[in-house]
Every structure is written in structure tokens, then in C-alpha cells.
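A structural walkthrough
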Amino acid sequence: MQDLGIQVLFQGRNFIRLWEGLWVTLRIAVIAMGLSVLLGFLLGMLMTIQNRTVRCITRLYLETVRILPQLVLLFLVYFGAAKHLGLNISGEAAAIIVFTFWGTAEMGDLVRGALIATPKHQYESAGGLGMNRWQTYFYVIIPQTIRRLLPPAVNLLTRMIKTTSLVVLIGVVEVVKVGKQIIDASRYQTPTAALWIYGVIFIMYFIVCYPFSRLSLWLEKKYKN
Amino acid sequence: MNEILQVKHLKKSYENNEPVLKDIDFSLQKGEVVVIVGPSGCGKSTFLRCLNLLEPIDEGSIILNGETIDRKDKNVHQHRQKIGMVFQSYELFPHLSIMKNILLAPVKVQKRNRKEAEKEAEVLLERVGLSDKKDAFPRQLSGGQKQRVAIVRALIMHPEVLLLDEITAALDPEMVREVLQVVLKLAEDGMTMAIVTHEMEFAKAVADRVIFMDQGVIVEENRTKNFFAYPQTERAKQFLNTFHYEALEI
């Protein structure tokens, strides 16, 4: 039994530590997603305004986020802020900022699409009943767009969960980093640990993401008609 | 004279195009029903949309109860509550039940008591014969039923004027009657209305006065009986003739 790498998992608190690492991953993804949904709605509404300047700025933001790899953004915020602004933010805060920055852009574009897809007469009949712009959005337009937005939003969340593995590189100890620590600590006693630990991490990601992607599929079917 | 709505020298054009409305003068007395007819593209729908401040106007003024109103006014939303409108496409809110569709504006915009508004909604639904549909969703209703709900939704705001923009144009023929009967009943009850329609028989029955528009101007304006029996202008005669069919002799 000496060579079976899986035993590493049950040494000390290793298994619990992995779950704790996953919790960090999830925390970053969920907080960033929550903020992205809020800001994304505002951005999406802004993007439908018929104003050249507003359009240019939002377009520029969206394209910038899409072109830059998330890793570059992470380095930019984490090291850049420390070096040039003298701001010492924690790795986790930097990660939340970057993922929110990215998520807001993606979410904003989704919201924009959903708002444009809502027929014009929905806005007009709300206006005809004396509703102002906010009431129209809040009571009439947004509730209609939410059902259309749910599947792609859930999809974005799973992408975000997976992309959080990048935060290792700015020193955040999340699930992949914990795994690496365990592997390094047992390198001489159990050389095969790597396979087992990464295998477990793979399954852990699956456990978290699979329900979301099922949910997304289910919502898509449910709202199809 | 008890004028609720007055329009003076209204002009309107869409960007870089021939003007849609050229110098329209119009007035509506309390309790009066005016039907606006005319060929497609004559500007009658645009005119109603201007009255409800949905479209910006280029020149002229719209006067509601002696007060000039404009799209850019701060209280434009209050003006709109006094001018109800029903459109051609059934524009109920698809995510809300019939009752919630009706209650949304009185409760959220006018801040009325929900219970009291609900009671009134039930009375109104009863009047249009849809009491049993209050918990249904718009997609479960026929076009005619949806338009009747749209009328109720406008009525519960207690508008002083009701604008109806070709409300039966998108309906199957057998549903037209059920909707127009509701409108006839409203006219009987003294509702002030401006109606755009292509249903000439309905216009005869409901209107006190008929306005005939063509190419952005009011060509003729007359009491209903006179308009249909003795149209004064050649253009109006031609227009009315398009509704007559005679068997061709071969």
C-alpha cells in the first residue's frame, strides 16, 4: 500500500484543506459574479443609449476586456497597483476586482442584447401608462430580460469559476495551489501523489460546475417558448 | 365650450423626410368621440402618438385642460396618465398575469391602494366579460381578449382622454366585434375618445365627429352622418368609395 498516492489525501488535514481551497475559488467567483450582474445591468442599460460618446466608451471597455488575457489584467491590478499607485491590495481583492471588471463587460453585453431584443412597444405601453424610465425598466423590461439572461449568466459563472485558477499566480492560495502544496510536501514519500491530487481537484471542479451547467441547460429549455 | 384637448398648428416630420403632419388644428370636447380616418400613411397614427407625447413634435402646441404640455416637461409622466392609449399590437406585459398587468400602473405609478384598485379592476374586467381570466397570462388569451384587457389597463388609470390607435387592425375578423362593442359601451358612458380606425361601419356607429386626413393635413371634418352621406371633398368621396364593392358585370 505504500505506493498508492491517494493516501496522501487522507494525511493530516489535506482533504479538508483542498475543500477550503475550493471555497476560496468559489468565494472569488461568486462575489465577482454578484457584482458583475449588478454592474452589468447598469452597463447594459447604458449601452442602449443613443449617444455616440457613451457608445464609444462602452465599446472600448468591452473590446479592451475581451482582447486582454485575464492573467495580464490580474498582474496589472495586483503588481501595477502596488508599484505605481502604492496600493497594497490583497491577492483575493485584486482577483475580485479583475473578475468583476471582466464579468461586468461580458454581462453588460448580454444585458444589452436582451434589452434590444425586447419589443419597442413594451417600452411605449409602459410609457403610455405614465411610467418613468426607471419604473419602465424595473417593472416591465428587466423582469422580461431576466429569463432570457439566466442561461448565459450561469454559463458565465462556470467560466469564471474555472478561470479563477489563474489567481495562483498572484499568490492567492486556492484549490489548485493547495493541491500543489500537498504534492510538493509529499514529493519524496509518495511520488505519484500529483496524479491523485489533480484527479481529485478535477472531480471537485466537476462537482461544482456540473450542476450549474445542467441548470443552464434546463433554464434554456424551460424558457425556449 | 368644454375643451379637454386642443392642438394648434402641429407640425411634425421624421428626419430628412417629407413632413408627416403639416399644420394640424384639432380639438376634443369632454364626452366627445372623434374618429380619424384616412388612407395608410396619411399621418393619423403619428398624430395620436404625438397627442400621447410618444413622438416629439417640431412646431405647434398640445393643450390639455388649458395647460400646454410637452414631451420634455418634467411631469410628462403625469400628463400621460391623463391620456390613455391602446395600440394596434397587443402590448400586454408577457411576464405578468392579467390582474397584475392591470394593477401595475395604478399601484406603482399612482400609488393607489392595492385592494381598492383590485376591486375596480374586477369591475372593469366584468364589464369587458373577462372576469374569469384575471389569473391567466397574456399568452393564454386570444388577440381580442388581449385588446380588451389593454383597454381595461388604460381605463383603470382614469384617463380624461382615451386614444385608440387601430386597435382591431391586427385582429381576426371575428374578434373585431367583441373589442369594438367594448368601445361602443365606453362611448355611451361618456368617455372622451379619439379613435383611429379602418372599420367604417364602426366609425359610423361610435363617432360624433369624423376627421378625414390625407398626406398630413385634415382634408375634411364633419358630423358623422354628414361625412358618410354627403362628403364635401372629392378626396373624401374617393376614399369612402374604396370601401364599396359592386359586382362586376361580365
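The structure reproduced in this document is the subject of the present report. (Residues numbered from 1 in each chain as written. Chains lettered and ligands numbered in written order. Predicted model: local features only at pLDDT ≥ 70, side-chain atom pairs only at ≥ 80, totals over all residues. Heavy atoms only, no water.)

1. Let's talk about the interface of chain A and chain B
Each partner contributes to the interface: chain A provides 18 residues, whereas chain B provides 22 residues. Summed over both sides, the interface of chain A with chain B buries roughly 1700 Å², with 63% coming from carbon and sulfur. Broken down residue by residue, the surface that chain A buries against chain B is led by A:Glu124, A:Leu129 and A:Tyr139, which jointly contribute 34%. Counting every contact that joins chain A to chain B gives 1 salt bridge. Residue B:Arg49 is joined to A:Glu124 by a salt bridge in which the shortest nitrogen-to-oxygen separation is 2.6 Å. Here chain A is connected to chain B by 6 residue pairs in polar contact (both at pLDDT 80 or more). Of all the secondary-structure elements, those providing two or more residues to the side of chain A that touches chain B are helix H5 (120-128) and helix H6 (133-163) of chain A. (Contact = heavy atoms within 4.5 Å. Buried area = accessible area lost by both parts, 1.4 Å probe. Salt bridge = Lys/Arg side-chain N within 4 Å of Asp/Glu carboxyl O. Polar contact = N/O pair within 3.5 Å; in protein donor to acceptor, adjacent residues only side chain to side chain. Helix = DSSP H or I, 4+ residues; strand = E, 2+ residues; numbered from the N terminus.)

2. Regarding the sheet that holds strand S9 (residues 209-214) of chain B
All names here are of chain B. Across the sheet, 6 strands lie side by side as S6-S7-S8-S3-S9-S10; this open sheet has mixed pairing. Of all the strands in the sheet, just strand S6 (83-86) and strand S10 (217-223) have a single pairing partner and so form its edges. Neighbour-to-neighbour, the strand axes of this sheet turn through a mean angle of 20 degrees, independent of strand direction. By the bridge criterion, 6 bridges tie S9 to S10 in an arrangement that is antiparallel. Bridge pairing in S10 links Met213 to Ile218. (Pairing = 2+ DSSP bridges. Axes fitted to C-alpha atoms, helices over the stretch in contact; angles between N-to-C directions.)

3. Focus: the layout of surface pockets
Here the largest pocket defines a volume of roughly 1200 Å³. Surrounding the largest pocket, 36 residues form its lining, A:Lys120, A:Tyr123, A:Arg133, B:Leu54 and B:Arg71 being those nearest its centre. Secondary-structure elements contributing two or more residues to the lining of the largest pocket are helix H4 (91-117), H5 and H6 of chain A together with strand S1 (3-13), helix H1 (44-51) and helix H2 (76-82) of chain B. Split by residue class, the lining of the largest pocket holds 17 nonpolar, 8 polar and 11 charged. (1 Å grid on protein atoms, 1.4 Å probe; cavity = no way out; pocket = protein on both sides within 12 Å on 5 of 7 lines; lining within 4 Å. Points joined across faces, edges and corners; volume = space filled by probe spheres on them. Nonpolar A, V, L, I, M, F, W, Y, C, P; charged D, E, K, R; others polar.)

4. Overview of the sheet that holds strand S4 (residues 59-64) of chain B
Residues and elements named next belong to chain B. Read across the sheet, 4 strands follow the order S2-S1-S4-S5 without closing on themselves; strand pairing throughout is antiparallel. At either end of the open sheet lies a strand with only one pairing partner, and these are strand S2 (19-29) and strand S5 (67-69). Averaged over all pairs of adjacent strands, the angle between their axes in this sheet comes to 25 degrees, without regard to strand direction. Bridge count for S4 against S5 is 3 bridges, and the pairing is antiparallel. By the bridge assignment, Ile62 is partnered in S5 with Ile69.

5. Comments concerning helix H7 (residues 175-185) of chain A
Residue and element names in this part refer to chain A. Those residues of H7 that sit buried are Val175, Val178, Gly179, Ile182 and Ile183. The buried residues of H7 occupy an angular sector of 135 degrees when projected down its axis, which confines them to one face. Residues of H7 that are buried in the fold lie against helix H1 (14-47) and helix H8 (193-222). Of the residues flanking the start of H7, the one acting as N-cap is Glu174, its side-chain oxygen 3.1 Å from the backbone nitrogen of Val176. (Buried < 20%, exposed > 50% of the residue type's maximum accessible area, 1.4 Å probe, protein only. Arc of directions from axis to C-beta.)

6. So, the pairing of S4(B)
Looking along a regular strand, one sees side chains alternate from face to face of the sheet. Residues and elements named next belong to chain B. Sheet topology note: the S1/S4 ladder contains 5 bridges and is antiparallel. Among the inter-strand pairings, Leu5 is bridged to a residue of S4, identified as Leu64. Connecting S4 to the next strand, S5, in antiparallel fashion are 2 residues, including Asn65 with a positive phi near 50 degrees.

7. Notes on the packing of helix H3 (residues 70-85) of chain A against H4(A)
Residues and elements named next belong to chain A. Running from amino to carboxyl end, H3 crosses H4 at an angle of 130 degrees, the nearest separation of the two axes being 9 Å. Judged by the inter-axis angle, H3 sits oblique to H4. Considering only the axes of H3 and H4, their crossing is right-handed. Residues Gln70, Leu73, Leu74, Val77 and Tyr78 of H3 lie in contact with H4, whose contacting residues are Gly91, Ala94, Ala95, Ile97, Val98, Phe101 and Trp102. (Parallel < 35°, antiparallel > 145°, perpendicular 65-115°, else oblique. Left-handed = near helix turned anticlockwise from the far one by under 90°.)

8. What to know about the side chain of B:Ser97
Residues and elements named next belong to chain B. Looking at the secondary structure, you find Ser97 in the loop between S6 and helix H3 (98-109). Judged by relative accessible area, Ser97 falls into the buried class, the value being 11%. Excluding its chain neighbours within four sequence positions, the residues that come into contact with Ser97 are Lys134, Asp135, Ala136 and Phe137.

9. Quick look at H1(B)
Burial runs high along H1(B): 7 of the 8 residues are buried. Inspection of H1(B) places B:Lys44, B:Thr46, B:Phe47, B:Leu48, B:Arg49, B:Cys50 and B:Leu51 among the buried residues, and these make up the whole buried set.

10. Regarding the environment of B:Arg114
Residue and element names in this part refer to chain B. Checked against the element boundaries, Arg114 lands in helix H4 (residues 114-127). You can call Arg114 partly exposed: its relative accessible area is 40%. Non-local contacts of Arg114, meaning those with residues more than four positions away in its chain, are made with Leu103 and Val107.

11. Section: the nonpolar core
If you look at the biggest cluster of nonpolar residues, it comprises 64 residues, and the most contacted ones within it are A:Leu18, A:Ile28, A:Phe99, A:Met131, A:Ile161, A:Val167 and B:Phe93. Mapped onto this core, the elements with two or more residues apiece are H1, helix H2 (52-67), H3, H4, H6, H7 and H8 of chain A together with H3 of chain B. In terms of residues, this core owes the most to one element, H1(A), which gives 12 residues. Excluding anything up to four places from it in sequence, A:Ile161 contacts A:Thr25, A:Leu26, A:Ala29, A:Tyr205, A:Val208, A:Cys209 and A:Phe212. Formed by 52 residues, the second largest nonpolar core is a distinct cluster that contains B:Val86, B:Leu103, B:Val152 and B:Leu171. (Core = buried A, V, L, I, M, F, W, Y, C linked by side-chain atoms within 4.5 Å.)

12. Describing the pattern of salt bridges
In a structure, side chains of opposite charge can pair up when their charged atoms sit close to one another. All names here are of chain B. Taken as a whole, this structure holds 26 salt bridges over all chains when the rule is applied. Measuring nitrogen to oxygen at the nearest pair gives 2.6 Å for the salt bridge that ties Glu120 to Arg112. The same class applies to Glu120 as to Arg112, namely buried. Notably, a salt bridge pairs Glu221 with Arg209, separated by 2.4 Å at the nearest N-O pair.

13. Quick word on a positive patch on the surface
A cluster of basic residues, A:Arg147, A:Arg148, A:Lys222 and B:Arg139, forms a positive patch on the protein surface. Tracing the chain through its elements places A:Arg147 in helix H6. Its relative accessible area of 38% is what places A:Arg147 among the partly exposed residues. (Patch = residues over 30% accessible without salt bridge, like charges linked within 9 Å, V, L, I, M, F, W, Y side chains within 5 Å. Areas by Shrake-Rupley, 256 points an atom, 1.4 Å probe, with all protein chains shown as cover. Lys, Arg positive; Asp, Glu negative; His and termini not counted. Charge placed at Lys NZ, Arg CZ, Asp CG, Glu CD.)

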